[in-house]
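This is what each chain is made of:
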Amino acid sequence: MDISIVVPLYNEAESLPELQAWIERVMRDNGFSYEVIYVNDGSTDGSWEVIRSLAAANPAVKGVAFRRNYGKSPALNTGFRKAQGDVVITMDADLQDSPDEIPELYRMITEEGYDLVSGWKQKRYDPLSKTIPTKLFNATARRVSGIRNLHDFNCGLKAYRKSVVKHIEVYGDMHRYIPYLAKNAGFDKIGEKVVKHQARKFGKTKFGLDRFVNGYLDLGTLWFTGKFGAKPMHLFGLLGSLMFFIGLVAVMVVGFGKLWAMHHGDHYTLVTNSPYFYIALTMMVLGTQLFLAGFVGELVVRNSPRRNEYEIREEI
């Protein structure tokens, strides 16, 4: 099979028939063998009934229905597990992503050798309240992930080599960082294609401004797990040892200061009257706790059943 198209959706019943007709036309005109996997993320508007009717009319249409709304990441992960095509395309169900982009995305994967190609909606039809935070978010993601050639990490229109989606796990709200997940898994040939952004035709957006706050927290999680997930002591042990050493030196300075004053008959106060003494003790306690956190992290990693699982590119 050439292409699997994964479409996560939540309350998009009005858009689905038009989207399916559009996909069928593009697939037919280009002679692709394909499947369309609709993942219904707990919709309450009759989307599942629409998917049933589409599947009855076209055997290439498949559907998965969640019992409740879990979010876009679980929907994508489920679609990835079901996908059988050599190239996997993801797109949103709101008609803002154009299926006309699929042939070129497919060509970039199969002919140019990309592992992943992400769409870039260079010209957007969104209000400034959405576009400005998006630009700041993408700039931070480029800096942290090291994928400098991507302008739109969160674009729903992406193409993947099949091996990519079978070797990554999308959880929580990590769908924003699938390119980063792919890079951490060793798939580092990541490209970008400028795609058309169309105004929403039906319904309203399902995402609020809280996604930007959560996005930064998720980015920090990915950075930590990618860099120190297998060796937490390298981070917590270093920070803990550094804080403990600074606190110890500070305590010694306060103590020797008092001894020096006593030896020379100068005026002195109790060590416990100095705020620096308590600051130094606090740093020593925090340093010890950080060190122990790294130690516990190492024990967790050591007992993980996947501690020695590594991605092999090829074997002779």
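Brief notes about the side chain of aspartate 115
- You can see aspartate 115 is positioned in the loop between helix H4 (102–110) and strand E5 (116–120).
- Ignoring anything within four residues of it in the chain, the contact list for aspartate 115 reads Ile109, Ala159, Tyr160, Arg161, Val164, Phe187, Asp188 and Lys189.

Observations regarding the packing of helix H9 (residues 233–263) against helix H10 (residues 275–302)
- Relative to each other, H9 and H10 sit at 160 degrees, their axes nearing to 7 Å. Comparing their axes, H10 and H9 come out roughly antiparallel. The way H9 lies across H10 gives a crossing that is left-handed.
- Looking at side-chain class alone, the contact of H9 with H10 contains 21 nonpolar, seven polar and one charged residues.

Remarks on the nonpolar core
- Counting residues in each nonpolar core, the largest one holds 35 residues, and the members touching the most others are Ile3, Ile5, Met27, Tyr38 and Ile89.
- Of all the secondary structure elements, the ones that give two or more residues to this core are strand E1 (3–9), helix H1 (16–30), strand E2 (34–40), helix H2 (47–57), strand E4 (87–90) and H4.
- Counting 32 residues, the second largest nonpolar core, distinct from the first, contains Val39, Met174, Ala185 and Leu219.

Quick word on the packing of H1 against H2
- Two elements in contact, H1 and H2, have axes separated by 10 Å at closest approach and are oriented at 30 degrees. Here H1 lies roughly parallel to H2, going by the angle between them. Helix-helix and strand crossings are classified by hand; for H1 and H2 the assignment is right-handed. On H2, the residues touching Leu16, Pro17 and Gln20 of H1 are Ser47, Val50, Ile51 and Leu54.
- A per-class count over the contact of H1 with H2 returns five nonpolar, two polar and no charged.

Description of the pairing of strand E3 (residues 61–65)
- Relative to E3, E2 is paired through five bridges, and the arrangement is parallel. Note that in E3 the partner of tyrosine 38 across the bridge is glycine 63.
- You can see the chain leave E2, run along H2 and come back into E3, and the turn it takes is right-handed.

Digging into the side chain of lysine 158
- For lysine 158, the position within the fold is in strand E6 (residues 158–161).
- Buried and unpaired, lysine 158 has aspartate 152 as its nearest opposite-charge partner, separated by 6.5 Å.
- A polar side-chain atom of lysine 158 sits 2.4 Å from the main-chain carbonyl oxygen of cysteine 155.
- Setting aside anything within four residues of it in sequence, one finds lysine 158 in contact with Val88, Ile89, Thr90, Val117, Ser118, Gly119, Phe153 and Pro179.

Description of the environment of glycine 46
- Relative to the helices and strands, glycine 46 is located in the loop between E2 and H2.
- Sequence separation between glycine 46 and glutamate 12 is 34 residues; the distance between their C-alpha atoms is 8.5 Å.

Section: the packing of aromatic side chains
- Tallied over the entire structure, the rule returns five aromatic pairs.
- A centroid spacing of 5.7 Å and a plane angle of 45 degrees characterise the contact between phenylalanine 137 and tyrosine 177, whose relative ring orientation is tilted. Taken together, the positions of phenylalanine 137 in helix H5 (residues 128–145) and tyrosine 177 in the loop between helix H6 (162–165) and helix H7 (178–184) put the pair 40 residues apart, joining distant regions of the chain. The same class applies to phenylalanine 137 as to tyrosine 177, namely buried.
- Between phenylalanine 277 and tyrosine 278, the aromatic rings sit 5.4 Å apart at their centres with planes inclined by 80 degrees, giving edge-to-face as the arrangement.
- Exposure remark for tyrosine 278: the relative accessible area of 43% places this residue in the partly exposed category.
- The cationic tip of lysine 189 hangs over the ring face of tyrosine 114; the distance from NZ or CZ to the ring centre is 5.5 Å.

About the criteria used
Residues numbered from 1 in each chain as written. Predicted model: local features only at pLDDT ≥ 70, side-chain atom pairs only at ≥ 80, totals over all residues. Heavy atoms only, no water. Helix = DSSP H or I, 4+ residues; strand = E, 2+ residues; numbered from the N terminus. Contact = heavy atoms within 4.5 Å. Axes fitted to C-alpha atoms, helices over the stretch in contact; angles between N-to-C directions. Parallel < 35°, antiparallel > 145°, perpendicular 65-115°, else oblique. Left-handed = near helix turned anticlockwise from the far one by under 90°. Nonpolar A, V, L, I, M, F, W, Y, C, P; charged D, E, K, R; others polar. Core = buried A, V, L, I, M, F, W, Y, C linked by side-chain atoms within 4.5 Å. Buried < 20%, exposed > 50% of the residue type's maximum accessible area, 1.4 Å probe, protein only. Pairing = 2+ DSSP bridges. Right-handed = clockwise from strand over helix to strand, strands pointing away. Lys, Arg positive; Asp, Glu negative; His and termini not counted. Salt bridge = Lys/Arg side-chain N within 4 Å of Asp/Glu carboxyl O. Polar contact = N/O pair within 3.5 Å; in protein donor to acceptor, adjacent residues only side chain to side chain. Phe/Tyr/Trp six-rings, centres within 6.5 Å; stacked < 30°, edge-to-face > 60°. Lys NZ or Arg CZ within 6 Å of the ring centre and 35° of its normal.

Worth remembering: the numbers are spatial, not functional.
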